[in-house]
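Per-entry structural report
For reference, the chains in residue letters:
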Protein chains: 2
Amino acid sequence: MSDVAKAAGVSAATVSRALRGEPGVSEATRQHVSDVARRMKYAIARDASSLAGGRRYAIAVLTSTVSPLLAGAEGALRQAGYDVLLYVLGDSTSRQRFFDENPLGRRVDGVLLLSMNLTEAESAGLAELAVPTIAIDDNDLRDSVRVAAEHLIALGHRDIALVLADGVDESYDEILVQAGLDVPPEWTVWCSPTVDGGEQVVEVLLDGPRMPTAVISSSGAAAVGIFLRVQRDGRSVPEDVSIVSLDGQEITRVVGLTAVEGAFREQGEHAVADLLTLIRGGEVTPADQPLRLIVRNSTTRVR
Amino acid sequence: MSDVAKAAGVSAATVSRALRGEPGVSEATRQHVSDVARRMKYAIARDASSLAGGRRYAIAVLTSTVSPLLAGAEGALRQAGYDVLLYVLGDSTSRQRFFDENPLGRRVDGVLLLSMNLTEAESAGLAELAVPTIAIDDNDLRDSVRVAAEHLIALGHRDIALVLADGVDESYDEILVQAGLDVPPEWTVWCSPTVDGGEQVVEVLLDGPRMPTAVISSSGAAAVGIFLRVQRDGRSVPEDVSIVSLDGQEITRVVGLTAVEGAFREQGEHAVADLLTLIRGGEVTPADQPLRLIVRNSTTRVR
DNA sequence: CTGTTAGCGCTTTCAG
DNA sequence: CTGAAAGCGCTAACAG
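Keep in mind it's a predicted model, so treat the numbers as computed, not measured.

Observations concerning the relation of the copies chain B and chain A
- Taken as rigid bodies, chain B and chain A are interconverted by a rotation of 180 degrees and an axial shift of 0.0 Å, the fit giving an RMSD of 0.3 Å. Classification of the inter-copy transformation places it as that of a two-fold axis.
- A high fraction, 100%, of the interface residues of chain B reappear at the interface in chain A, so the copies pair face to face through one surface.

As structure tokens, this is what we get:
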């Protein structure tokens with residue numbers, strides 16, 4: 001930086017202010033400094049900036065799974081000039097360890113949570129960081145459940161099971177109850193968000209006294225597993241069991257599953273934009289993202 | 001750190017040495033300092049360490065796509081105490097920008113490349129960083145192509161097309177040529193590593209004077225696209241066209257495609273281990289990972 | 001084996 | 001609006 005300062009004929013402090021867009025620099029000086037810096041291919045050393053109490057130029061992204069959403073968020077953050085510190089907190093071990101150690105202190109300018117569904121204690125831990133945080137998670141899932149349920153209810157279904165991916169901490173059966181359905185507790189089940197997980201969960205669902213006529217799965221891969229397993233068991237989809245995925249992964253499209261899209265995907269960039277606004281000291285109002293119900297071949301009128 | 005030093009009754013330098021496992025500290029002192037540090041929940045400030053010329057405690061992970069491999073690598077790096085700086089360099093725009101700007105200078109202790117297939121120029125750029133680099137990419141793909149080709153040749157196929165994902169810079173038809181096959185250039189084609197990409201590429205392949213009897217696809221999703229499109233065109237798989245995927249994504253399993261597994265997946269952790277060895281100044285010899293051919297329903301004897 | 005002394009490259013008062 | 005000086009929390013070179 002002092003080289004740039006020398007080349008531009010100003011002090012390092014002025015270079016610092018100019019490059020960061022701090023007020024108190026004449027427009028002419030700022031322009032000149034910027035030009036020189038660009039010419040010299042100079043970039044602020046983030047470590048030093050951070051150490052001196054300035055910005056850290058880094059955002060922590062905590063995600064429960066590596067999804068396309070992550071790619072979207074990464075791109076948006078990168079473009080805004082932030083480093084992406086990735087934490088994949090899929091299983092409860094790594095997750096617990098993270099929140100025990102709380103390793104983010106004084107290291108990031110903000111936190112982006114992707115489908116993390118924090119508990120109160122976890123939220124409190126992050127709050128100690130005193131940096132802006134944006135979460136994309138269960139509120140969206142909540143709406144998705146509602147959209148899926150409405151679709152199924154319109155088709156006459158009354159017996160609907162809910163398959164939630166590990167890491168989804170809350171239950172959502174109250175949404176179904178609100179819709180006037182009777183929801184036995186054994187119809188809310190958790191499984192790993194994989195095809196295998198979906199296959200396994202079908203066994204549990206078949207064990208109960210009653211069989212649901214429809215299943216809503218938060219995970220696209222699990223929905224596929226359910227689809228495969230139900231068929232292998234000699235039942236047909238959608239005639240015997242309708243399936244709705246709440247995640248529009250490509251795999252659901254290939255298999256032809258009805259899905260609610262929009263909850264996870266497109267929100268990455270939107271969330272990043274909000275986060276950056278917060279970091280700059282602005283305010284954000286949560287704008288509702290439209291959810292799209294894509295009806296394919298895995299749902300039909302109950303018989 | 002000076003607080004810890006005071007509490008432990010030593011100097012900051014000794015704390016630094018003790019905590020980093022540097023030689024020149026008595027085992028008793030190291031133990032004592034460690035205890036005090038743990039009790040005070042002290043952790044080295046990475047920024048300051050980095051600025052002072054020490055380790056940076058960060059590894060850049062460059063990946064062309066967010067895959068399960070990424071999750072594996074992240075976990076292994078995290079466990080070793082490194083931050084993961086994520087760069088998703090999927091499209092050529094972001095990729096080019098990255099290598100133009102070379103933003104990693106003096107910021108990471110190592111680089112992990114996941115399916116990046118660097119060009120010479122790109123490799124040279126990274127080499128300037130002067131930090132250990134490990135790549136998981138085309139060498140593995142090369143072996144995969146060979147395994148797939150051997151399988152198809154054993155089934156009597158002589159007309160084999162190669163579909164490579166964007167970002168795969170090299171062609172691999174010489175592997176087929178070595179196997180004694182005649183490989184017209186129009187049978188090596190590139191497409192985006194998505195179902196859509198695979199569907200589109202089928203059109204190109206059908207345009208030529210001759211139709212291949214088998215297709216090898218580096219991308220699992222594209223393989224599925226090829227599978228779907230070929231069938232939609234009224235041809236059957238595998239009777240008219242055999243398909244082998246070189247990527248054992250879950251989706252290929254669901255659709256029932258023959259695949260060569262092991263090239264991309266399990267190598268994440270292995271690569272991280274190698275990288276850490278390099279960082280510590282050790283040597284690594286590339287150990288061959290076994291590739292597994294999983295024969296499913298998309299390949300059969302040529303008729 | 002341990003302590004002391006200089007910075008690393010910034011940002012931030014505080015003066016001018 | 002700009003500059004000088006102090007210091008962020010560490011590591012490294014040098015003494016002892």
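Next comes the rest of the description.
Comments concerning the protein's contact with DNA strand C
- In the vicinity of DNA strand C lie 26 residues, with A:Met1, A:Ser16, A:Tyr42, B:Gly24 and B:Thr29 positioned nearest.
- A share of 68% of the atoms of DNA strand C within 4 Å of the protein falls on sugar and phosphate groups.
- At a separation of 3.2 Å, a base oxygen of DNA strand C approaches a polar backbone atom of B:Ala52.
- For the surface near DNA strand C, the secondary structure elements donating two or more residues are α2 (12-20) and α4 (46-51) of chain A together with α2 (12-20) of chain B.

What about the UniProt feature "domain: HTH lacI-type" (unreviewed entry) in chain A?
- Residues given the UniProt feature "domain: HTH lacI-type" (unreviewed entry) here are residues 1-53 of chain A.
- Secondary structure over residues 1-53 of chain A splits into 66% helix and 0% strand, and the C-alpha atoms at its two ends are 17 Å apart.

Here's the deal with the sheet that holds strand β5 (residues 160-165) of chain A
Residues and elements named next belong to chain A.
- Read from one edge of the open sheet, six strands run β6-β5-β7-β8-β9-β10, paired in mixed fashion. The sheet is open, and its two edges are formed by β6 (188-191) and β10 (292-294), each paired on a single side. Taking each pair of neighbouring strands and ignoring which way they run, the sheet shows an average axis angle of 20 degrees.
- The pairing of strand β8 (residues 242-245) with strand β9 (residues 258-261) spans two bridges and is classified as parallel. Bridge assignment links Ser245 to a residue of β9, and that residue is Ala259.
- Along the sheet, helix α10 (residues 195-207) contacts β5, β6 and β7 (214-217); its crossing angle with β6, the most-contacted strand, is approximately 150 degrees.
- Of the strands in this sheet, β5, β6, β7 and β8 touch helix α11 (residues 220-232), which is tilted by about 165 degrees from β8.

Side note on the side chain of A:Asp109
- Turning to its location among the elements, A:Asp109 is positioned in the loop between α6 (92-101) and β3 (110-114).
- The residues contacting A:Asp109, other than those within four sequence positions of it, are A:Arg55, A:Arg56, A:Tyr57, A:Ala58, A:Ile59, A:Tyr82, A:Val131, A:Pro132 and A:Ile279.

A short note on the environment of B:Ala148
Residues and elements named next belong to chain B.
- Along the chain, the position of Ala148 falls in helix α8 (residues 138-154).
- Of the residues examined, Ala148 reaches a relative accessible area of 0% and is grouped as buried.
- As a C-alpha pair, Ala148 and Ala259 span 111 residues in sequence and 7.9 Å in three-dimensional space.
- What Ala148 contacts, discounting residues up to four positions off in sequence, is Ile216, Val244, Leu246 and Val260.

A look at the interface of chain B and chain A
- Taken together, the contacts link 36 residues of chain B with 36 residues of chain A.
- Both faces considered, chain B and chain A share a buried interface measuring about 2,800 Å² in area, 56% of it formed by carbon and sulfur atoms.
- Our count for the chain B to chain A interface comes out at four salt bridges.
- Two residues, A:Arg253 and B:Asp196, come together in a salt bridge whose shortest N-O distance is 3.2 Å.
- Run the count over chain B and chain A and you get 14 residue pairs in polar contact (both at pLDDT 80 or more).
- If you list the elements that add at least two residues to the side of chain B that touches chain A, you get α4 (46-51), α5 (68-79), β2 (83-88), α6 (92-101), α10 (195-207), α11 (220-232) and α12 (250-255) of chain B.
- Class assignment for the residues of the side of chain B that touches chain A results in 18 nonpolar, four polar and 14 charged.

Section: the protein's contact with DNA strand D
- With respect to spatial proximity, 26 residues lie near DNA strand D, and among them A:Thr14, A:Thr29, B:Met1, B:Ser16 and B:Tyr42 are the closest.
- The share of sugar and phosphate among atoms of DNA strand D within 4 Å of the protein is 71%.
- Within the backbone of B:Gly53, an N or O atom sits 3.4 Å from a phosphate oxygen of DNA strand D.
- For the surface near DNA strand D, the secondary structure elements donating two or more residues are α2 of chain A together with α2 and α4 of chain B.
- Within the surface near DNA strand D, the residues separate by chemical class into 12 nonpolar, 10 polar and four charged.

Some words on the pattern of salt bridges
All names here are of chain A.
- Scanning all chains against the criterion turns up 40 salt bridges over all chains.
- Asp35 serves as the salt-bridge partner of Arg38, at 3.1 Å between the closest nitrogen and oxygen. Linking Arg38 with Asp35, this pair stays in helix α3 (residues 27-39), spanning three residues, or about one helical turn.
- Note on Asp35: relative accessible area 33%, which makes it partly exposed.

Some thoughts on the packing of α10(A) against α11(A)
Residues and elements named next belong to chain A.
- For the pair α10 and α11, interaxial distance at closest approach is 6 Å and the crossing angle is 50 degrees. Taken together, the axis directions place α10 and α11 in an arrangement best described as oblique. The two elements α10 and α11 meet at a crossing, and its hand is right-handed. The segment α10 lies against α11, with Val195, Gly198, Glu199, Val201, Val202 and Glu203 engaging Ala221, Ala222, Val224, Gly225, Ile226, Leu228, Arg229, Val230 and Arg232.
- For the contact of α10 with α11, a count of residues per class yields nine nonpolar, two polar and four charged.

Description of the environment of B:Gln96
- Residue position: B:Gln96 is located in helix α6.
- Taking the C-alpha atoms as reference points, B:Gln96 and B:Arg146, separated by 50 residues in sequence, lie 30 Å from one another.

Considerations on empty space enclosed by the protein
- All told, the structure shown has three cavities of 30 Å³ or more when counted by the stated rule.
- Quantified by volume, the largest cavity comes out at close to 290 Å³.
- Around the largest cavity, the lining comprises 16 residues; the ones closest to its centre are A:Asp47, A:Asp83, B:Asp47, B:Asp83 and B:Arg107.
- For the lining of the largest cavity, the secondary-structure elements that each account for two or more residues are α4 and β2 (83-88) of chain A together with α4 and β2 of chain B.
- For the lining of the largest cavity, the per-class residue count stands at four nonpolar, two polar and 10 charged.
- Residue lining of the second largest cavity: A:Val202, A:Leu205, A:Leu206, A:Met211, A:Pro212, A:Val215, A:Ile226, A:Val230, A:Asp233, A:Arg235 and A:Val241, and that is the complete set.
- Listed by contribution, the elements that provide at least two residues to the lining of the second largest cavity are α10 and α11 of chain A.
- Counting residues per element, the lining of the second largest cavity draws most heavily on α10(A), which supplies three residues.
- Considered class by class, the residues forming the lining of the second largest cavity number nine nonpolar, no polar and two charged.

A few points about the domain arrangement of chain A
- For chain A, the assigned domains read domain 1 (2-44), domain 2 (53-138 + 264-279) and domain 3 (139-262).
- Placing a centre on the C-alpha atoms of domain 1 of chain A and another on those of domain 2 of chain A gives a separation of 31 Å.

Cut-offs and rules
- Residues numbered from 1 in each chain as written.
- Chains lettered and ligands numbered in written order.
- Predicted model: local features only at pLDDT ≥ 70, side-chain atom pairs only at ≥ 80, totals over all residues.
- Heavy atoms only, no water.
- Least-squares fit on C-alpha atoms with pLDDT ≥ 70 in both.
- Contact = heavy atoms within 4.5 Å.
- Near = heavy atom within 4 Å.
- Polar contact = N/O pair within 3.5 Å; in protein donor to acceptor, adjacent residues only side chain to side chain.
- Helix = DSSP H or I, 4+ residues; strand = E, 2+ residues; numbered from the N terminus.
- UniProt positions renumbered as here; feature names shortened; annotations may be inferred.
- Pairing = 2+ DSSP bridges.
- Axes fitted to C-alpha atoms, helices over the stretch in contact; angles between N-to-C directions.
- Buried < 20%, exposed > 50% of the residue type's maximum accessible area, 1.4 Å probe, protein only.
- Buried area = accessible area lost by both parts, 1.4 Å probe.
- Salt bridge = Lys/Arg side-chain N within 4 Å of Asp/Glu carboxyl O.
- Nonpolar A, V, L, I, M, F, W, Y, C, P; charged D, E, K, R; others polar.
- Parallel < 35°, antiparallel > 145°, perpendicular 65-115°, else oblique.
- Left-handed = near helix turned anticlockwise from the far one by under 90°.
- 1 Å grid on protein atoms, 1.4 Å probe; cavity = no way out; pocket = protein on both sides within 12 Å on 5 of 7 lines; lining within 4 Å.
- Points joined across faces, edges and corners; volume = space filled by probe spheres on them.
- Domains from an automatic or database assignment.

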